[in-house]
Amino acid sequence: MFNVLAAIFSKEYVKTRTSMLILFALGISLAAVIYFDLNRLFMLDHPEIVWYHTLDLKQIPYGIFKYLPMLSATVFCFCQFLPEMRDERLRISLHLPCPLGLLLLAHIVYGLIFLMALMIAESGAILIILGRKYPLAYLPEAFWTMLPWCLAGIYAYLCCAWVLLEPKKKTKVLGLILGVCICTPLFQHYTPGAFSTAYLPFILGIPLLTVSLFLPALHFRTREVE
Amino acid sequence: MTVNPVSVEHLFHSYGPKIIYQDLSLEFEPGKIYGLLGKNGVGKTTLIKILMGFLKPKAGFCRIFGDLANAISPATRARVGLLFERHLTYNFFSIAQVERFMARFYPKWKRERYYELVDLLGLPSNHKISWMSEGQRSQVVLGLILAQDPELLILDDYSMGLDAGYRRLFVDYLREHLKDGQHTVILTSHVIQDMNRFVDDVVFLRRGGEVTVTGLEAFSSNFHCFRLPRDMVKGEVLQSKLAKLACQSAGRTLEHIINLEEHASYFELFTFNTKEEVLRDLEGLGLKASPPILTEVAMDLEDAFVGYTGRH
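Residues numbered from 1 in each chain as written. Chains lettered and ligands numbered in written order. Predicted model: local features only at pLDDT ≥ 70, side-chain atom pairs only at ≥ 80, totals over all residues. Heavy atoms only, no water.

Some details on the packing of helix α1 (residues 2–44) of chain A against helix α5 (residues 100–133) of chain A
All names here are of chain A.
At step 1: Two elements in contact, α1 and α5, have axes separated by 9 Å at closest approach and are oriented at 20°. By the angle between their directions, the pair α1 and α5 is classed as roughly parallel. Classified by chirality, the crossing of α5 by α1 is right-handed.
At step 2: Residue classes in the contact of α1 with α5 are distributed as 26 nonpolar, four polar and five charged. (Axes fitted to C-alpha atoms, helices over the stretch in contact; angles between N-to-C directions. Helix = DSSP H or I, 4+ residues; strand = E, 2+ residues; numbered from the N terminus. Parallel < 35°, antiparallel > 145°, perpendicular 65-115°, else oblique. Left-handed = near helix turned anticlockwise from the far one by under 90°. Nonpolar A, V, L, I, M, F, W, Y, C, P; charged D, E, K, R; others polar.)

Notes on helix α11 (residues 275–285) of chain B
All names here are of chain B.
At step 1: Turning to α11, its buried residues number three or more, namely Val-278, Leu-279, Asp-281, Leu-282 and Leu-285. Along the axis of α11, the buried residues cluster in a sector spanning 155°; they form a single face.
At step 2: Within two residues after α11, Gly-286 carries a phi angle of roughly 110°, on the positive side. (Buried < 20%, exposed > 50% of the residue type's maximum accessible area, 1.4 Å probe, protein only. Arc of directions from axis to C-beta.)

What to know about the sheet that holds strand β8 (residues 184–187) of chain B
All names here are of chain B.
At step 1: Sheet architecture is open: six strands sit in the order β6-β7-β8-β3-β9-β10, paired in mixed fashion. With one partner strand each, in any of the chains shown, β6 (80–83) and β10 (210–215) form the two edges of the open sheet. Between one strand axis and the next, the sheet turns through 15° on average, direction left out of account.
At step 2: Sheet contacts for helix α5 (residues 134–148): β6 and β7 (152–155); angle to β6, the most-contacted strand, approximately 175°. (Pairing = 2+ DSSP bridges. Contact = heavy atoms within 4.5 Å.)

Considering the interface of chain A and chain B
At step 1: Each partner contributes residues to the interface: chain A has 31 residues there, and chain B has 28 residues.
At step 2: Between the two partners, chain A and chain B, sit one salt bridge.
At step 3: The tally of links from chain A across to chain B stands at nine residue pairs in polar contact (both at pLDDT 80 or more).
At step 4: Looking at the side of chain A that touches chain B, the elements that each hand over two or more residues are α1, α3 (68–85), α4 (90–94) and α9 (214–221) of chain A.
At step 5: Ranked by residue count, the leading element in the side of chain A that touches chain B is α1(A), at nine residues.
At step 6: Here the side of chain A that touches chain B is composed, by residue class, of 15 nonpolar, four polar and twelve charged. (Salt bridge = Lys/Arg side-chain N within 4 Å of Asp/Glu carboxyl O. Polar contact = N/O pair within 3.5 Å; in protein donor to acceptor, adjacent residues only side chain to side chain.)

Here's the deal with the side chain of A:Thr16
Residues and elements named next belong to chain A.
At step 1: Note on placement: Thr-16 falls in helix α1.
At step 2: A distance of 3.1 Å separates polar atoms of two side chains, one belonging to Thr-16 and the other to Tyr-110.
At step 3: Filtering out sequence-adjacent residues up to four positions away, Thr-16 remains in contact with Phe-76, Cys-79, Gln-80 and Tyr-110.

Some points on the side chain of A:Ser19
All names here are of chain A.
At step 1: Topologically, Ser-19 is positioned in helix α1.
At step 2: Judged by its relative accessible area of 11%, Ser-19 is buried.
At step 3: There is a polar contact of 2.8 Å between the side chain of Ser-19 and the backbone oxygen of Thr-16.
At step 4: Residue contacts for Ser-19: discarding those within four places in its chain leaves Phe-76 and Cys-79.

Observations concerning the sheet that holds strand β11 (residues 224–229) of chain B
The strands making up a sheet associate through hydrogen bonds between their backbones, and the pairing can be parallel or antiparallel.
Residue and element names in this part refer to chain B.
At step 1: Taking strand neighbours across the sheet as the criterion, the four strands line up as β12-β13-β11-β14 in an open arrangement whose pairing is antiparallel. The sheet is open, and its two edges are formed by β12 (257–262) and β14 (295–297), each paired on a single side. Here the average twist between neighbouring strands, direction ignored, is 30°.
At step 2: The pairing of β11 with β14 spans three bridges and is antiparallel. Residue pairing for β14: Arg-227 is matched across the bridge by Thr-295.

This is the structure we're talking about:
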């Protein structure tokens, strides 16, 4: 099992290393933009005014980050799975002598590990920037605000993988609908941190959706129609 | 009990109303090289996809070493080498990376076989596969398959995109490595002449799922072409009768003639029978003539293939 995971991880690394680097650079650039924006805010106004806008009026000074995890996840998913689906190259992987479930899981887990690392790095950088300008008590609220956006990124990756792997058009559309239905509430403009008590179902959904990706892979493996 | 590497049992498959196979049954014996032949649209690629387990038939089964083709166990997959159309492989890998990756999955991996073939390309080991020509890529793919040391090889249109030199190299290498008679090969190709140098048996697929399995030598020696000059066929009625037969599958109407092709100045009659038996069929149509009007024409494998399956 370890051998299979190591082999698949090395293949995925070779395939996606350029896109990983670009996405990481994009995340760091965005954190830099947030840093300079925040500096400018504190230069233009008194700190207590900026704090008032953020802490009492619930304005989000790092709002530019909102759609980045979803965008990164979608781009990464295309970079990971499009070369496999072009000319149906996935058939080569599916013929490898290892269980289909393990093979698929190795691909998805690789993607999830990278995306989580990317999001932790991006949101961590933002929290560090915020920590330099705001009281530390503000950071949990910022964390709970960014978490749904990161979750939307994870779901976007899984649903995008579903759409790319699935050969049947109707089931492709189902994956797309699923993605829209899950991600839409995560982007609603609630009070920052409003989701803090409702994350459990969203987090539990990730392993469920990961396992359900076995279905499109199975459809691809033994499809009945061309 | 010995299990055949591949067995096809009562296969039925269709695309919409078009039936590809109806009750197709075949056995592929161990140690033989089979050429799967047929015109475009008869279901060669469909059969290969079903055998590879990437298409589920509407009815019937295909078994690979006893496993159902669409549910092959990992242990059985390790015994099967697949070559996909257009020599598909992971384009993002380099020559060395793809070898290292594949080696992790196959217990009997023979690294030297891969490099024996790939070294002929004279490329550095960090050369990307995506930078290669179709011919160069075919060498890499063949090297990977031979390094697996599989007992069964399924090669889907291995000649596609290859020039004569690379085709020859491909076939020669395969022959060299498979000469121990321990491997079973099922292949399709659009270049029929290459099969002459390589296959033991040919499997002819015809429209509607008709199938004939025969030894290549037996086919080459028993299948004949006779030429009937058009001016020896007196009368417009008889000429049009023959022309009409040429548009159909002649074998359905005539007892001994498999196929009849119409040309500007002659008809060609293809048969597994003797000239006398063919003449009896023609006499049944109303053609009165003595045997010399039929001239036997020498055929190579491609002529025989076209003669057997028809041009249309």
